[in-house]
Amino acid sequence: MADRVTVIGWDGSPLDPAARAALHAATLVAGAPRHLDLPEVPPHAERVRLGSVSLAARRIAAHRGTAVVLADGDPGFFGVVRDLRDPAHGLEVEVVPAVSAVAVAFARAGMPWDDARVVVANRRTLRRAVNVCRAHPKVAVLTSPGAGPAEIALLLGQVHRTFVICEALGTEAERVSVLTSDTVSQHRWTDPNLVIVIGGSGSGSTQSADTSWLAGLDPAASGQPRGIGLERSAYGPSAPGDAPEGAGRDRRLRALQLAALGPGMGDLLWDVGTGDGIAAVEAARLGSAVIAVDRDAQACARAEAAARRLGLQVHAVHGVAPHVLEDLPEPDVIRVGGGGQRTLAACADRRPQRLVTHAMTRDQAEAAGRVLAGAGFTVECTLLQSVELETADWSERGRSVVFLLVASRLSTPR
């Protein structure tokens, strides 16, 4: 095993004395080609190109001498330190950090970033990273080849955002570009790069000293009501066209549907037949990206307006299901609030991890269950009955009876 392993972060500025001393004593240096070309790397040291960190770690573990690993920015922030400290390699490391690329990018943009989400986009995580960009007004994306600015913009589709693209930070080739997402794919971008994606209803908010206490917290979150499955009035006044809160729109049913779906950060939820849009808004409050679909243009407008009031992002799509669903991005979970069996079958064909719907009668529940089971889902059905009481005299104020269907398939890790 190497006698000593030092991980040095590099941000383009001159190395500090501790980093220089570690490099001078190194008998093995691992890093990207641009790092290995630094003049401070000793000519006598063994050089290892840092492609696979796991392979490099095995080389370092087998080395007899002093090893140095060079990495961009802060190597402890989405960097190599986590992989090197994997118990499988048995390496103990010392870290000499530099300024992280995320901090440099926001400094170049002149923006605070304590309220930003930070995600890594590669071929495996690209779709989930884009969903975070859909759901949140300020996101820093650490990109990789094949999962860069153009791919992010293309997957965002009709969700318009502003991109701040930082290429080759800290080098002579550094370039910072600001443009809208619909023009990003018309350019070629140099690796490595980092993208700040901003926009949406909460992008103009700023955290005050009173509300800024948690990194990555959207400023609008401090003004949101507490709880899920709330009365419609908690999200603003009802509009003249709103349907009454019958069994299919009961807030307790909505809470159970969201609990069964479990939407969260990096997910995309379809709310098909969104109606009053409150289920879509509550899913957005849980951190999920949300597309609300309805054949009624006013329902789409109400969903987006309710989200805007809370500084949330809900993308409404006006159209008739199932045809309008064909061009939507792949969902993780789906709530079907209406549209009949053809819509239910079309949603099931998109293979979400979970899907929920409801029925007013047992015959309707059995028919929906057959559609979902035929699509390869495991289906659970529960008859829900709730009675609301007026606590002044404990008289019955309302009664709701509805069948809840939850369809699930073998899930994959988030």
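Residues numbered from 1 in each chain as written. Predicted model: local features only at pLDDT ≥ 70, side-chain atom pairs only at ≥ 80, totals over all residues. Heavy atoms only, no water.

K.L.:
Help me understand helix α1 (residues 17–24), please; the structure alone is not making it clear to me.
P.N.:
One turn of an α-helix holds 3.6 residues; hence residues three or four places apart share an orientation. The complete set of buried residues in α1 reads Ala19, Ala22 and Leu23. For α1, the angular spread of the buried residues around the axis is 100°, confining them to a single face. Residues of α1 that are exposed and point over 90 degrees away from its buried face: Pro17 and His24. If you follow the buried residues of α1, they end up packed against β1 (4–10), β2 (28–31), β4 (66–72) and β5 (93–96). (Buried < 20%, exposed > 50% of the residue type's maximum accessible area, 1.4 Å probe, protein only. Helix = DSSP H or I, 4+ residues; strand = E, 2+ residues; numbered from the N terminus. Arc of directions from axis to C-beta. Contact = heavy atoms within 4.5 Å.)

K.L.:
I would appreciate a short explanation of helix α6 (residues 126–135) in the present structure.
P.N.:
Burial analysis of α6 places nine of its ten residues in the buried class, the great majority of the element. Turning to α6, its buried residues are Leu126, Arg128, Ala129, Val130, Asn131, Val132, Cys133, Arg134 and Ala135.

K.L.:
Which parts of the structure should I look at to understand the environment of Gln186?
P.N.:
Note that Gln186 resides in the loop between β9 (175–180) and β10 (193–198). Once the C-alpha coordinates of Gln186 and Ala150 are considered, the two residues, 36 residues apart in sequence, prove to be 7.9 Å apart.

K.L.:
Whenever I open this one, the sheet that holds strand β14 (residues 333–336) confuses me. Can you help?
P.N.:
Pairing between sheet strands relies on hydrogen bonds along the backbone, with the strands arranged either parallel or antiparallel. Strand order in the open sheet formed by seven strands is β13-β12-β11-β14-β15-β17-β16, and the pairing between neighbours is mixed. In this open sheet, the two strands that pair with only one neighbour each are β13 (315–318) and β16 (378–390). Within the sheet, the average angular offset between the axes of one strand and its neighbour, ignoring direction, is 20°. With four bridges connecting them, strand β11 (residues 268–272) and β14 associate as parallel partners. Its bridge partner being in β14, Leu269 is matched across the sheet by Val333. The strands that helix α10 (residues 297–309) touches are β12 (289–294) and β13; relative to β13, the one it contacts most, it runs at about 180°. (Pairing = 2+ DSSP bridges. Axes fitted to C-alpha atoms, helices over the stretch in contact; angles between N-to-C directions.)

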